[in-house]
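# Analysis of the macromolecular model
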Amino acid sequence: MINIAVMGYGTVGSGVVEVINTNHDSINKRVGEEINIKYVLDLREFPGDPAEHLIIHDFEQIVNDPEVKIVVETMGGLEPAHTFVKRCLEAGKSVATSNKALVAKFGVELMEIAKAKNINFLFEASCGGGIPIIRPLNSSLTADEIDEITGILNGTTNYMMTKMSMEGADFDEVLKDAQAKGYAEADPTADIEGYDACRKIAILSTLAFGQFVDFEEVYTEGITKITAVDMEYAKKMGKTIKLLGTSRKVDNGFYAMVAPFLVGPESPLYSVNDVFNAIFVHGNVLGDAMFYGSGAGKLLTASAVVGDVVDAARHMHCTIMNNWSSGKLELLPTDDVEGRFFVRVKGSSQEEAKAAFGDCDVITLEAHPEEFAVVTPVMTEAVYKEKAGKLGDSILGMIRVKQ
């Protein structure tokens, strides 16, 4: 019997307990031993809940119990999650977590402790909910040199962008709808400002490129400036707008960013709608591959966590090899990144815009004769800023174009 403890009995934590109880026999068969939930740590009481008899309120019971071999962390946030996870690892207990903030901030430290103790710190559920991506990066794709990883990494923002595109709705309207449906939190900042996607692309980039990517150095831009008019332009161009987390190896280094992009039907990410997420990977041998599925949800995320529990149980005294390194990857300055830019202009002529940006495509909308848009040639972000400065306040907005 392998005893485990679950820290945090919220949405994901209760899902972990439910998945283990529902699929108890098949999980035990895969492990080769019985998985037994000994404790569930939470500050609250849960009278009448199936896990009521497992609830404890003192973390010390878990960390000091030698019978607990694996700990699940689904508390969220940095503290006390970081302190609890670190102490569990130091006590020789493997940890499985869904906490992207914890992994992005303290992944290097926690992985090194696990390796020193011949145990495991696993985090499949931290990046794509129920989408398996960490394990493929660590095992299936090890023969490839990955040069790009790009994803729709946040179900909330993808739902909002889909609704704006299909219904012509305004940002504030779709945000209220997402909150009403439970897709967005009362404070949606982490989603709509791109912070959630930023942490996820930093984790994925670290695994893809084999060096630690600091999420605080990833250029991040959310969706709050996207309007219904932007969506009208996108439709006329045969494109849509998605919030992407992207990182890429280019001739002079690596870059990573989170921002809204215009995406065309030639991209497999174009048709990823609603709350679904997708992660596109390009390798020098494999070519293109995409991992697709629902990015969030109680049982979906819990299933990924339980998959890590099974892995940890199979490797009780052996650290599973991965591509995570403590060596830091220096990212290119955002100003050096090349791309094309969709720019909306009002108050200047098309000739002035072409004079500023060079040979560019012009798009107009009958419903908005007071403005037009251009799509620039390929240029660096720094050059774009310089050229955009020539038009000053005439520029209404800019969205990058997915290459």
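Relevant structure appears above.
The sections below set out a description of the structure shown in this document. (Residues numbered from 1 in each chain as written. Predicted model: local features only at pLDDT ≥ 70, side-chain atom pairs only at ≥ 80, totals over all residues. Heavy atoms only, no water.)

## A short note on the overall build of the protein chain
The line we're drawing: Secondary structure elements follow DSSP: runs of H or I of four or more residues count as helices, runs of E of two or more count as strands, with numbering from the N terminus. When we talk radius of gyration, it's over C-alpha atoms, and the globule rule is simply 2.2 Å times the number of residues to the 0.38. Only protein chains enter the area calculation, which uses a 1.4 Å probe; residues under 20% of their type maximum are buried, those over 50% are exposed, and those in between are partly exposed. Only heavy atoms matter for contacts: two residues are in contact if any of them lie within 4.5 Å across the pair. Charge assignment: positive for Lys and Arg, negative for Asp and Glu; neither His nor the chain ends contribute. Note that the charge is assigned to NZ on lysines, CZ on arginines, CG on aspartates and CD on glutamates.
Check the secondary structure of the protein chain and you find 15 helices and 17 strands. Relative to the compact-globule value of 22 Å for 403 residues, the protein chain shows a C-alpha radius of gyration of 23 Å, a close match. C-alpha extents for the protein chain along the principal axes are approximately 75 × 45 × 30 Å. Split into buried and exposed, the 403 residues of the protein chain put 56% on the buried side. Restricting the contact set of the protein chain to residue pairs at least 6 apart, pairs at least 24 apart contribute 72%. Averaging the locations of the 37 positively and 58 negatively charged side chains of the protein chain gives two centres separated by 2 Å.

## Quick look at the packing of helix H2 (residues 24-31) against helix H13 (residues 298-314)
For clarity, the cut-off: A fitted line through C-alpha atoms serves as each axis, taken over the contacting stretch for helices, and the angle formed by two N-to-C directions is quoted from 0 to 180°. What makes a crossing left-handed is the near helix being turned counterclockwise from the far one by less than a right angle; a clockwise turn instead makes it right-handed. Charged means Asp, Glu, Lys or Arg here, nonpolar means Ala, Val, Leu, Ile, Met, Phe, Trp, Tyr, Cys or Pro, and polar covers whatever is left, Gly included.
One can describe the packing of H2 onto H13 by two numbers: an axis separation of 9 Å at closest approach and a directional angle of 35°. H2 and H13 meet at a crossing whose hand is right-handed. Where H2 abuts H13, its residues Ile27, Arg30 and Val31 lie against Val306, Val310, Ala313 and Arg314. Within the contact of H2 with H13, the residues separate by chemical class into five nonpolar, no polar and two charged.

## Notes on the sheet that holds strand E4 (residues 68-73)
Rule in force here: Paired strands are those between which DSSP finds at least two bridges.
Taken in spatial order, the six strands line up as E3-E2-E1-E4-E5-E6 in an open sheet, and their pairing is parallel. Whereas interior strands pair on both sides, the edge strands pair on one side only; in this sheet they are strand E3 (55-56) and strand E6 (121-122). Judged from the four bridges that link them, E4 and strand E5 (residues 94-97) form a sheet pairing that is parallel. Note that in E5 the partner of Val72 across the bridge is Ala96.

## Section: the pattern of salt bridges
When the charged atoms of two side chains with opposite charge come close together, those side chains can pair. The test is simple: Any carboxyl oxygen of Asp or Glu within 4 Å of a side-chain nitrogen of Lys or Arg constitutes a salt bridge here.
Taken as a whole and judged by the stated rule, the model has 23 salt bridges. A salt bridge links Asp65 to Lys38; the nearest nitrogen and oxygen atoms lie 2.8 Å apart. Separated by 27 residues along the polypeptide, Asp65 in the loop between helix H3 (59-63) and E4 and Lys38 in strand E2 (residues 35-41) bring together distant segments of the chain. Take Lys38: its relative accessible area is 24%, and that puts it in the partly exposed class. Here Arg44 makes a salt bridge to Asp42, at a shortest N to O gap of 2.9 Å. For Asp42, a relative accessible area of 11% corresponds to the buried category.

## Some thoughts on the environment of Lys100
Relative to the helices and strands, Lys100 resides in helix H5 (residues 100-116). Classification of Lys100 as partly exposed rests on a relative accessible area of 23%. In this structure, the C-alpha to C-alpha distance between Lys100 and Ala388, residues 288 residues apart in sequence, is 36 Å. In contact with Lys100, not counting residues within four places along its chain, are Ser126, Asp196, Arg199, Lys200 and Ile203.

## Quick look at the pairing of strand E1 (residues 2-7)
With six of six residues buried, E1 is to be regarded as a mostly interior element. The alternating pattern of E1 places Ile2, Ile4 and Val6 on one face and Asn3, Ala5 and Met7 on the opposite face, and all of these are buried. Here E1 runs beside E2; their pairing, made up of six bridges, is parallel. By the bridge assignment for E2, Val6 is matched with Val40. Pairing geometry for E1 and E4, over five bridges, is parallel.

## Digging into the environment of Gly222
Along the chain, Gly222 turns up in the loop between strand E8 (219-220) and helix H12 (228-236). Those residues in contact with Gly222, other than ones at most four positions away along the chain, are Ile192, Glu193, Gly194, Leu243 and Pro260.

## Remarks on the packing of aromatic side chains
Stated precisely, the cut-off is as follows: By convention, a stacked pair of Phe, Tyr or Trp rings (six-membered ring in the case of Trp) has centres within 6.5 Å and planes under 30 degrees apart, an edge-to-face pair has planes over 60 apart, and any other such pair is tilted.
Inspection of the entire model under this criterion finds nine aromatic pairs. Each ring, one from Phe59 and one from Phe84, has its centre 4.0 Å from the other, and the planes form 0°; the classification is stacked. Here Phe59, found in helix H3, pairs with Phe84, found in helix H4 (residues 81-90); they are 25 residues apart in sequence, far enough to count as distant. Each member of the pair Phe59 and Phe84 is classed as buried. Consider the rings of Tyr233 and Phe342, whose centres lie 5.5 Å apart with planes at 65°: the pair is edge-to-face. Residue Tyr233 is found in helix H12, and its partner Phe342 is found in strand E13 (residues 338-345); the two are separated by 109 residues along the sequence. Here the two residues Tyr233 and Phe342 agree in accessibility, since each one is buried.

## Looking at the layout of surface pockets
Rolled over the atoms, a probe with the dimensions of a water molecule shows which regions are left empty. Our working rule: Lining residues are defined by having an atom within 4 Å of a point belonging to a cavity or pocket. Those points lie on a 1 Å grid over the protein atoms alone, cavities being sets where a 1.4 Å probe fits but cannot get out and pockets being open sets with protein on both sides within 12 Å along at least five of seven lines. Grid points are joined across faces, edges and corners, and a volume is the space filled by probe spheres set on the points.
By volume, the second largest pocket amounts to about 310 Å³. Along the wall of the second largest pocket there are 14 residues; nearest its centre are Glu221, Lys225, Leu396, Gly397 and Met398. It is strand E17 (residues 395-401) that provides the largest number of residues to the lining of the second largest pocket, a total of five residues. In the lining of the second largest pocket, the residues fall into seven nonpolar, three polar and four charged.

## Notes on the nonpolar core
What counts here: Put simply, a nonpolar core is a bunch of buried Ala, Val, Leu, Ile, Met, Phe, Trp, Tyr and Cys residues held in one set by side-chain atoms that sit within 4.5 Å of each other.
Residues Ile62 and Phe121 are the most contacted members of the largest nonpolar core, which totals 85 residues. Apart from residues lying up to four places away in sequence, Ile62 is in contact with Ala5, Met7, Tyr39, Leu41, Ile56, Val68, Val71, Cys88 and Lys93.

## Some points on helix H9 (residues 171-180)
What counts is decided by this rule: Arc definition: it is the arc formed by the directions from the helix axis to the C-beta atoms.
Along H9, the positions that sit buried rather than exposed are Phe171, Val174, Leu175, Asp177 and Ala178. Relative to the axis of H9, the buried residues are bounded by an arc of 160° and lie together on one face. Looking at H9, the residues exposed on the side facing more than 90 degrees away from the buried face are Asp172, Lys176 and Ala180. Along its buried surface, H9 packs onto helix H8 (155-167) and helix H10 (189-192).

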